[in-house]
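Observations on the three-dimensional arrangement
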Amino acid sequence: IALMTALLIAGQLALSAVQGVEVVTVLFLAYCYTFGVVRGVSVANCFSLLRCLLFGFFPTAVVLYLVYYNLFAVVFGLLGRRLKKSAELPRLDVLAACAVVMTVLFTLLDDAITPLFFGYSRRAALVYFYNSLPVMCVQTACTAITVCLLFVPLRKAFALIGHRVIRSAR
């Protein structure tokens, strides 16, 4: 849990200068898929709070991250359980589509939380929404590409790590 949290923070920090380009989604998706909801929720909470040490304690970001990443952990933890039973290889098209939907949801949650928190007028909230769309488009494309390219090797690496941890615990 600690290692995954550190990996997510490092991935976010490494790409923070490029809006919309990120690896957190594919890393966390593969982790939740492999290790399940409980560990995913633990990482979601650690990541959501510890990232504030680097990026600042902004109430809207804390709420957004706590809501979104816990929901993300539940969705992909449950998908992992369901898809592992149904097929040998995970359905990349299903996972990529769900990841894209979750990425859009992240932006929409931000577009709701931030204007509510700061008391934006209806017009200001719409401007905030429209300004978020270009970044959301880049982020959804990045998500689709990284999930299709990196999910399988990440899942295999996490599964290997998981088996070794279980064996060493015995």
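Residues numbered from 1 in each chain as written. Predicted model: local features only at pLDDT ≥ 70, side-chain atom pairs only at ≥ 80, totals over all residues. Heavy atoms only, no water.

1. Here's the deal with the overall build of the protein chain
- For the protein chain, the count of helices and strands is seven helices and zero strands.
- Element order for the protein chain, N to C, with α for helix and β for strand: α-α-α-α-α-α-α.
- Here the protein chain has a C-alpha radius of gyration of 16 Å; the compact-globule value for 170 residues is 15 Å, and the two agree.
- Along the longest, intermediate and shortest principal axes, the C-alpha atoms of the protein chain span 55 × 30 × 25 Å.
- A total of 170 residues make up the protein chain; the buried ones form 41% of that total. (Helix = DSSP H or I, 4+ residues; strand = E, 2+ residues; numbered from the N terminus. Rg over C-alpha atoms; globule rule 2.2 N^0.38 Å. Buried < 20%, exposed > 50% of the residue type's maximum accessible area, 1.4 Å probe, protein only.)

2. Describing the pattern of salt bridges
- Across all of its chains, the model carries one salt bridge by this definition.
- Between Arg91 and Asp93 there is a salt bridge whose closest N-O contact spans 2.7 Å.
- In this structure Arg91 comes out as partly exposed when scored by relative accessible area, which is 44%. (Salt bridge = Lys/Arg side-chain N within 4 Å of Asp/Glu carboxyl O.)

3. Thoughts on the packing of helix α1 (residues 2–14) against helix α2 (residues 24–35)
- Running from amino to carboxyl end, α1 crosses α2 at an angle of 165°, the nearest separation of the two axes being 9 Å. When the interaxial angle is binned, α1 and α2 end up roughly antiparallel. The two elements α1 and α2 meet at a crossing, and its hand is right-handed. Note on element contacts: α2 touches α1 through Val24, Leu27, Phe28 and Tyr31, opposite Met4, Leu7, Leu8 and Gln12. (Axes fitted to C-alpha atoms, helices over the stretch in contact; angles between N-to-C directions. Parallel < 35°, antiparallel > 145°, perpendicular 65-115°, else oblique. Left-handed = near helix turned anticlockwise from the far one by under 90°. Contact = heavy atoms within 4.5 Å.)

4. Description of the environment of Tyr31
- Turning to its location among the elements, Tyr31 is positioned in helix α2.
- For the pair Tyr31 and Ser132, spaced 101 residues apart in sequence, the C-alpha separation works out to 27 Å.
- Excluding residues that lie within four positions of it along the chain, Tyr31 makes contacts with Ile1, Met4, Gly36, Arg39, Gly40, Val43 and Phe158.

5. Some details on the layout of surface pockets
- Taken as a whole, the largest pocket holds about 860 Å³ of empty space.
- Taken together, 31 residues line the largest pocket, and the ones lying closest to its centre are Gln12, Tyr65, Phe106, Val135 and Gln139.
- Looking at the lining of the largest pocket, the elements that each hand over two or more residues are α2, α5 (59–86), α6 (92–118) and α7 (122–169).
- Partitioning the lining of the largest pocket into residue classes produces 15 nonpolar, 13 polar and three charged. (1 Å grid on protein atoms, 1.4 Å probe; cavity = no way out; pocket = protein on both sides within 12 Å on 5 of 7 lines; lining within 4 Å. Points joined across faces, edges and corners; volume = space filled by probe spheres on them. Nonpolar A, V, L, I, M, F, W, Y, C, P; charged D, E, K, R; others polar.)

6. What about a nonpolar patch on the surface?
- Taken together, the side chains of Val18, Val21 and Val138 define a hydrophobic patch exposed on the protein surface, amounting to about 200 Å² of accessible area.
- Counting through the fold element by element, Val18 comes out in the loop between α1 and α2.
- Given a relative accessible area of 43%, Val18 falls into the partly exposed group. (Patch = residues over 30% accessible without salt bridge, like charges linked within 9 Å, V, L, I, M, F, W, Y side chains within 5 Å. Areas by Shrake-Rupley, 256 points an atom, 1.4 Å probe, with all protein chains shown as cover.)

7. Overview of the nonpolar core
- With 34 residues, the main nonpolar core has Phe28, Tyr69, Phe76 and Leu95 as its most contacted residues.
- Mapped by element, the contributors of at least two residues to this core are α1, α2, α3 (37–50), α5, α6 and α7. (Core = buried A, V, L, I, M, F, W, Y, C linked by side-chain atoms within 4.5 Å.)

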